[in-house]
Structures are given as C-alpha cells and as structure tokens.
Amino acid sequence: MSRRYLARYLVSRYFSSSVSSRPLHVCIVGSGPAGFYTADKLLKAHEGARVDIIDRLPTPFGLVRSGVAPDHPETKIAINQFSRVAQHERCSFYGNVKLGSDLLLSELRDLYHVVVLAYGAESDKDLGIPGESLSGIYSAREFVWWYNGHPDYSSLKPDLKSSDTAVILGQGNVALDVARILLRPRTELASTDIARHALSALEESSIRKVFLVGRRGPVQAALTAKELREVLGIKNMHIRIKETDLTVTPADEEEMKNSRIRKRIYELLSKAAAAAGTSESDPDQRELHFVFFRQPDRFLESNERKGHVSGVNLEKTILESAGSGKQLAVGTGEFEDLNCSLVLKAIGYKSVPINGLPFDHKKGVVPNVRGRVVSQTVEGLSQTERGLYVCGWLKRGPVGIIATNLYCAEEMVGRISEDIEEGVFTSSKEGSKGLMQLLEKREVKKVDFSGWEKIDAKEKQMGSEKNKPREKLVTWEDLLAAAAAN
Amino acid sequence: MLFNRLSRLGSSIVKELPRERHFSMRGMRILQRSYGQYLQSSESEHHPCQYHEMVKPFIGYVMLNDNISSAINRERERNNDLALAQTNLVTCPMPQRQTRSFHEAFFSSNHHMFSASYSTASEKGGEETEKINVIFVDKDGEEIHVKVPIGMNILEAAHENDIELEGACEGSLACSTCHVIVMDTEYYNKLEEPTDEENDMLDLAFGLTETSRLGCQVIAKPELDGVRLAIPSATRNFAVDGFVPKPH
C-alpha cells in the first residue's frame, strides 16, 4: 500500500504543476488555532490552494490573544507560527469582516470551493437557576475577555470592591486562570500584557478569597497538572482543601487507573491539602479554597444593593455511577450559603449559530461527520453539505488545548483532499477577487495582515514605555485607527 | 564505477528535489527548494554553456568529497524507493525542456551557495561534530534518516531536516505539539526521566503512549544512535512494525 502511495506521490509531485495548477479557493472563517492550523496544512498539502482567513475582529489569533492568561506568555508563542502562515504568498488575512452581517454564508459558498468554519465558541453554557441575571455574576469568558482587552468587553467594569470574596463555579483551567488573576500580587501582573483598565481595577480590588466550586470531587476536576502546580506554587497564596473531600471511592480508583492525568491531579491536590497547615492572621493574605461536592441551586440577592448578588446557595452532592466509568453529581437535599460579591461561571463555552448553518442546539456544535457539515433534508435524512467544513471547537465542542486543533486540522485537510480527488470541486470560483469586490461594494473596512502588524507594532511600542510586552488597544475605534495609520 | 555511483547519487537527488530538505555533506548544508517554486521561476533564460559552468563546481565538490560514501549509504538505505523512482523516471518521461529548466533553476539559484560553501568547506577542513543516526517515522509511515549532532534536541533536528514536527511553544514546555513516540523500549529507557513539567505537558499529548516524550526535551547523545521516533497523527494507523501504543 505504501509503495503505491509512494509512486502516486512521486508522480503527482513531478506533475504537480498540471495536477494542482487549477486553484482551489478556500475561505476559513475564524483566525484562531483551528483556522491557522487548517490553513497551514492545506497550503502544504495542495500547491493550488489559495486561502483567505477572515475574522470579525481586526486582530487575528482568536483565543491565543484573547483567552490565554496574561501571565502565560509562553503559550502565546504559537502566534509566531500563525504569523508565518498568514504571510505565506498563497494566504491572506482579512480582519473586521463579520460573517452574518458583512456577508452571508451562501455568498461565501458561491465565491469559494471550500469554506471552513472555525469560529469557535463565543457564548456560554447557562446554569438555568434563579438569580442568574443579578449583577455581579459574569461568565468567566466575559471576565477573561475583559482583562485581556477584547474590544467587546473593555467596558465590563466588574465590581471588585464590595467584599473580599469571589466565587468561581467550575474547576477547569479557565477557572484557575481567573482565580489566579484575581489573587496574584499586582506587581506581578503589571509586567504582563494585561489590559490597562483591568490592572487599575485589580489594583483597587478588595478580593482576597476565591472559592473554586465543583459539583464533583478532586478526581473529576477538569483542571490540568501544569496549571494546578503553578497555582500551588504562588508565593503568599494559601490553598485550602478539606481533607474529607479527598477520600476516594472504588469508582474513583477505577477512574484514576484509566487516566494518568486524573491520578496525577489527585496526588497534587492531596499533597496540597496536607501542606495547607494553619492559617496565619494576615489580613491581606490571599486564599484559594477548593470546594468539592457542591452544586449551585440559586443566587442570593443583596438586601443593601438591590439587583446585586450577595451569595450562592449550594447543595451538597454525592456521586452516582452513570455507566462506563462515568460518575455524575446528584443532590442530597442539604444546603449551605456562600457569601460573595462576585460570581464567575466557568462551566463551559458554547458556540453561536448563524443563519443558513445547521446547528445542534443541544450539543452546541455544527452537526458534522468528521468535519464535513451535514444537514437535514425536509424528509429528515442526513445530507452532506458540499464544500462546507467545520474545524475546532465549532466541530468538537469547547474542549481541548491549542494543540488539539493540530489533529483536528489534519483530519479536516484529509477530508478536503478526499473530496478533491472525488472531483467535488470542478466548477470555477472567484475566490479572493470576488470577496474583495463584495467587501468594497459594502464598504467594509477590512484589516489585512499588514494592518494587524501596525496594531502589533503600536501595542509593543506603547508597552515598552511601561515595561510590558505590549499595551493592548482595547476599543474598536483605536484598533481600526491603528490598522489604517500610515 | 564512480560514474555509476554518481548517476545513482544524481537520481536520488532528483528524487529528493520535490521535498524541501537540508542534507549535510561534510558540514555543508545544501537546501533543496521545493519543485513547485522552480517551475515558477524557470522563466529566466540560461545559455546551455552557463548551465555546465554552474554544474561544474558542484560535481567537482562531490568528487573531492570523501564523505560521498555517506551520501551513497543513505541512498542505499532507500533502495526500494530509489528503484521505484527510477522506474517512474523511465516510464513517465518528462518533457526535455522542463527537465532542463528545473535543473537550471535548481543550480542557478543555488550557485552562489555552492561556490561560497565550496570555499568555506575547504577552509573548515578537519572540523567534525559527532553525529548520531536518528530515524523519524512520519505520519505516512515513511522513514526519514537524519544525522543529528550530539547536544541538539530532537525538535530542532526535525526542523533542520524539514520534518513536519510542530513546535508551537518553540521548546518552552508550554505545549505538547512536539510529541514523539520512541519506537523501541530499549532506547526509551536510555533517556533521562521526564521532569514534572514535561510530564504535565505529556498528560495532554494526543495519542500518548508509554514510550512518549516531548521532542524538545530529548537531547541527542551517543547511546541514542539509531533511535526510531514516530510522529503521531490523527489519521495514522499506529501498527507500524507491529508497534501498538498502550492506552494511558
């Protein structure tokens, strides 16, 4: 099999000019890791591929820019590779182009042979419990976008001064990120790329205790070892874990046996609980409490400040087997209150549907078979949408790390290659040229990669004046102005 | 005899041309650009005499180079592939003009590199970094034999040889994209134990096995000569040489 492949490979390579000289016009919607890894692999796999990446923000890189925490600069190094892809001669980036308002999905499909939707998950799962709309309750995504200078959330103005306690619902890495940013010494944050408005707010913050609340136990916590180790190692931050929460059941043991990472997390948490020691009476000390086996029942409203949250009513839980090694939390009917003035929900992202796109509202993803979008016909049968693909969180749900998109992109390019071979893309399409005409007609102020480079240079220059790697521009006006400057 | 060897060497180079790859001949790096680029740039006119002039230093260098045997050995290792390549060259004849132009383009664009390196190589003389043999098994199951200097990490070595191994965080232990699988337990045991930081990243690696490591943390040393490293892939069938990764 590999010999035949090799023969075909060699022949196709020697004749590459004739085989793939007909351009394959590709449009990727979304410039995060999923979008860029897909572009990278497509460009390498097909010499005729011409890739346009569009994004509704003027800045590329998705959550690598707006999601990765300011104190994790090494995770942002991936931007270097993405920049190289954007600068490839057969690739173009166009920011400030919004699918759904500046152009329709159907128009994109008319212009391009291949449309890959990689716009991720810009919304949140809801708890669906009373009081969820009280002020002071935010999704972690909003809070992260706020401190990372996302232009949609720079005026969030979370209240960090009403009490010393914040409650975070969820125990994944996003929960750890927001806990860390709330509790890290300000001096450490001042030399990161955190947004200026967030740094000022945190400097005046009175939050000193953060409770990370999970409805299941330490064995099921979604956080990962590196992040946990980091938070356990922060100076002057005291970790509180109840020893009783650390008892494991046989079902827990089974889970740990099957998952190397679960086992290592549990060991880290046990060590942390043992080392916790007695609390010192330092009024300014920072505390991070891990609260297990509690699920939120409702939010409590403040008596002094109407419309503002004053605490969470939590129900104790126990775990029940749900088959195939999984354990689910079940309420016991016992309740307790946890007072706070800030609640951050870190229970998961959710994708946003757009007009003309099939969507699975239950799972929050676009229905697909290994990357090829499928829709329902009137008769209720599944049909593949030719030339329409999904990649990243929009395909798999909001799980995984940046690197997970590598394999997602590889699978996607495999699908596209199969479709090329089957002759799915025989009609000629306008591609970039058509897109430019359409955007001009609609007077869309697109930001190309050199526009981003101007924003980048300005941010770095502003940052150097303050010993920060960059000082982010946080409003649409400022970003577009910098991109258009000479 | 030498002519025979030269022609086989030439064929193996021609076969290699479509790929972008560095290969070392006694410290000199020769970069082969991908074939496609040359097709585009072959507009420039080159007088046939000039072509021969350009070729001469290269051939001369090759003849003087006493490491030609290493190049030929590598070529021998790919005997099957080569036989196939030769078959293809015979059965799928390329238009004469096209052959000439890509040869021209290859030699002309690299001419300055050859002459410059030619003089540098003779200056360098006896300088020789100890290297070990490393075999990468890529996503398609193809084996790529490279020489890695002692002290270089595997991620860097992969990039030097244009092997598709991602390195998103560029070696700062902040990702798992340079994940490689050591195919023989014997070699895995010769490596130093991974640190906590490396293990934390490995926890998240796709297709993790019991002999997985991060490429940026594996440093070439003499005991690793001949090590085989597999690059995990979403679509790859892991049963290469019967190797089956254990679930973690």
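Residues numbered from 1 in each chain as written. Chains lettered and ligands numbered in written order. Predicted model: local features only at pLDDT ≥ 70, side-chain atom pairs only at ≥ 80, totals over all residues. Heavy atoms only, no water.

You'll find chain B entered in an unreviewed UniProt entry as Adrenodoxin-like protein 2, mitochondrial isoform X1, with Camelina sativa given as the organism. The annotation that UniProt attaches to chain B under Cofactor (unreviewed entry) is "[2Fe-2S] cluster". (UniProt positions renumbered as here; feature names shortened; annotations may be inferred.)

The name recorded for chain A in an unreviewed UniProt entry is NADPH:adrenodoxin oxidoreductase, mitochondrial, from Camelina sativa. Per UniProt, chain A carries the Catalytic activity (unreviewed entry) text "2 reduced [adrenodoxin] + NADP(+) + H(+) = 2 oxidized [adrenodoxin] + NADPH". UniProt annotates chain A under Cofactor (unreviewed entry) with the comment "FAD".

Participant: Quick one: what's the story with the environment of Ala409 of chain A, residue by residue and with numbers?
Facilitator: All names here are of chain A. The residue Ala409 is located in helix 15 (residues 404–421) in this model. What makes Ala409 buried here is its relative accessible area of 0%. Along the primary structure Ala409 and Pro33 are separated by 376 residues, whereas in three dimensions their C-alpha atoms are 9.2 Å apart. Other than its neighbours up to four places away in sequence, Ala409 contacts Tyr37, Thr38, Lys41 and Cys391. (Helix = DSSP H or I, 4+ residues; strand = E, 2+ residues; numbered from the N terminus. Buried < 20%, exposed > 50% of the residue type's maximum accessible area, 1.4 Å probe, protein only. Contact = heavy atoms within 4.5 Å.)

Participant: Which residues make up the environment of Val178 of chain A, and what values do they have?
Facilitator: Residue and element names in this part refer to chain A. With respect to the helices, strands and loops of the structure, Val178 is situated in helix 8 (residues 173–183). Between the C-alpha atom of Val178 and that of Trp145, which follows or precedes it by 33 residues, the distance is 11 Å. Leaving out residues up to four positions away in the same chain, Val178 has contacts with Ala140, Phe143, Val144, Tyr147, Ile168 and Leu344.

Participant: Break down the confidence of the model for chain B for me, citing the residues and quoting the values.
Facilitator: All names here are of chain B. Taken residue by residue, chain B gives an average pLDDT of 65. The fraction at 70 or more is 42%. For the stretch residues 16–73, pLDDT sits under 50, and the model shows 105 contacts to residues farther than four places along the chain or on other chains. Note on residues 77–127: pLDDT under 50 across the span, and 67 contacts to partners over four residues away in sequence or across chains. Confidence estimates for the predicted assembly give a pTM of 0.78 and an ipTM of 0.84. (pLDDT = per-residue confidence, 0-100.)

Participant: Got a sec to walk through the sheet that holds strand 19 (residues 447–448) of chain A? Specific residues and values, please.
Facilitator: Residue and element names in this part refer to chain A. What the eight strands build is an open sheet, ordered 16-17-18-4-1-2-3-19; its pairing is mixed. Each having just a single partner strand, strand 16 (368–369) and strand 19 make up the two edges of the open sheet. Summarising the sheet, strand 3 (residues 91–95) and strand 19 pair through two bridges and their orientation is antiparallel. Bridging across to strand 19, Gly95 finds its partner in Val447. (Pairing = 2+ DSSP bridges.)

Participant: Could you give an account of the packing of helix 8 of chain A against helix 11 (residues 225–232) of chain A, naming the residues involved and the relevant values?
Facilitator: All names here are of chain A. For the pair helix 8 and helix 11, the least separation of the axes is 10 Å and the interaxial angle reads 20 degrees. The angle between helix 8 and helix 11 places the two elements in the roughly parallel class. For the crossing formed where helix 8 meets helix 11, the hand is left-handed. Judged by residue contacts, Asn173, Leu176 and Arg180 of helix 8 engage Glu227, Leu228, Glu230 and Val231 from helix 11. A breakdown of the residues in the contact of helix 8 with helix 11 according to their chemical character gives three nonpolar, one polar and three charged. (Axes fitted to C-alpha atoms, helices over the stretch in contact; angles between N-to-C directions. Parallel < 35°, antiparallel > 145°, perpendicular 65-115°, else oblique. Left-handed = near helix turned anticlockwise from the far one by under 90°. Nonpolar A, V, L, I, M, F, W, Y, C, P; charged D, E, K, R; others polar.)

Participant: Give me the pairing of strand 14 (residues 342–345) of chain A: which residues, what numbers.
Facilitator: Residue and element names in this part refer to chain A. Residues Leu342 and Leu344 line one face of strand 14 and the alternating positions Val343 and Lys345 line the opposite face, and both faces are buried. The pairing of strand 6 (residues 137–139) with strand 14 spans three bridges and is parallel. Its bridge partner lying in strand 14, Ser139 is registered against Lys345. Here strand 7 (residues 165–169) runs beside strand 14; their pairing, made up of four bridges, is parallel. Counted as the bridge partner of Ile168 is Leu344 from strand 14.

Participant: Talk me through the nonpolar core; I want residue IDs and the actual numbers.
Facilitator: Ranked by internal contacts, the top residues of the largest apolar core, which has 55 residues, are Tyr147, Ile168, Leu182, Val210, Ile241, Leu288 and Phe290 of chain A. If we skip the residues at most four places from it in the chain, Ile168 of chain A touches Ala175, Val178, Ala179, Val210, Phe211, Leu212, Val213, Leu344 and Ala346 of chain A. Core analysis: the next-biggest nonpolar cluster, separate from the first, contains 47 residues, Ala34, Val424 and Ala483 of chain A together with Ala174 of chain B among them. (Core = buried A, V, L, I, M, F, W, Y, C linked by side-chain atoms within 4.5 Å.)

Participant: Can you lay out the packing of helix 17 (residues 449–464) of chain A against helix 18 (residues 476–484) of chain A for me, pointing to particular residues and giving the numbers?
Facilitator: Residues and elements named next belong to chain A. For the pair helix 17 and helix 18, interaxial distance at closest approach is 7 Å and the crossing angle is 110 degrees. By the criterion of interaxial angle, the relationship of helix 17 to helix 18 is roughly perpendicular. In this structure, helix 17 contributes Gly451, Lys454, Ile455, Lys458 and Glu459 to the contact, and helix 18 contributes Leu479, Ala482 and Ala483. The residue makeup of the contact of helix 17 with helix 18, split by class, is four nonpolar, one polar and three charged.

Participant: If you had to explain the pairing of strand 5 (residues 179–182) of chain B to someone new, which residues and values would you point to?
Facilitator: Residue and element names in this part refer to chain B. The two faces of strand 5 match: His179 and Ile181 on one face and Val180 and Val182 on the other face are all buried. Pairing between strand 5 and strand 6 (residues 212–214): three bridges, direction antiparallel. Among the inter-strand pairings, Ile181 is bridged to a residue of strand 6, identified as Ser212. Pairing of strand 5 with strand 7 (residues 227–230), which is carried by two bridges, proceeds in the antiparallel orientation. Counted as the bridge partner of Val182 is Leu229 from strand 7.

Participant: I'd like a description of the UniProt feature "domain: FAD/NAD(P)-binding" (unreviewed entry) in chain A, backed by residues and values.
Facilitator: Under the feature "domain: FAD/NAD(P)-binding" (unreviewed entry), the UniProt entry names residues 25–184 of chain A. End-to-end, the C-alpha atoms of residues 25–184 of chain A are 47 Å apart, and along that stretch the chain is 32% helix and 19% strand.

Participant: I'd like a rundown of the sheet that holds strand 7 of chain B, residues and numbers included.
Facilitator: All names here are of chain B. Read from one edge of the open sheet, five strands run 4-3-7-5-6, paired in mixed fashion. In this open sheet, the two edge strands, each paired with only one partner strand, are strand 4 (143–149) and strand 6. Sheet twist, expressed as the average angle between the axes of neighbouring strands with direction ignored, equals 35 degrees. As defined by bridge partners, strand 3 (residues 131–137) adjoins strand 4 across seven bridges and the pair is classed as antiparallel.

Participant: Tell me about the packing of aromatic side chains, residues and numbers included.
Facilitator: A complete count under the given rule lists 12 aromatic pairs over all chains for this structure. Note on Phe143 of chain A and Tyr147 of chain A: the rings are 5.7 Å apart at their centroids and 90 degrees apart in plane angle, and the pair reads as edge-to-face. With Phe143 of chain A and Tyr147 of chain A both in helix 7 (residues 140–147) and four residues apart, this pair spans about one turn of that helix. On the accessibility criterion, Phe143 of chain A (0% relative accessible area) is buried. What links up through ring pairs into an aromatic cluster is the set Phe36, Tyr37, Phe61, Phe82 and Trp452 of chain A. Just above the ring of Trp145 of chain A sits the side chain of Arg141 of chain A; from NZ or CZ to the centre is 5.0 Å. In this arrangement the basic side chain of Lys190 of chain B is found over the ring face of Tyr187 of chain B, its NZ or CZ atom lying 4.7 Å from the centre. (Phe/Tyr/Trp six-rings, centres within 6.5 Å; stacked < 30°, edge-to-face > 60°. Lys NZ or Arg CZ within 6 Å of the ring centre and 35° of its normal.)

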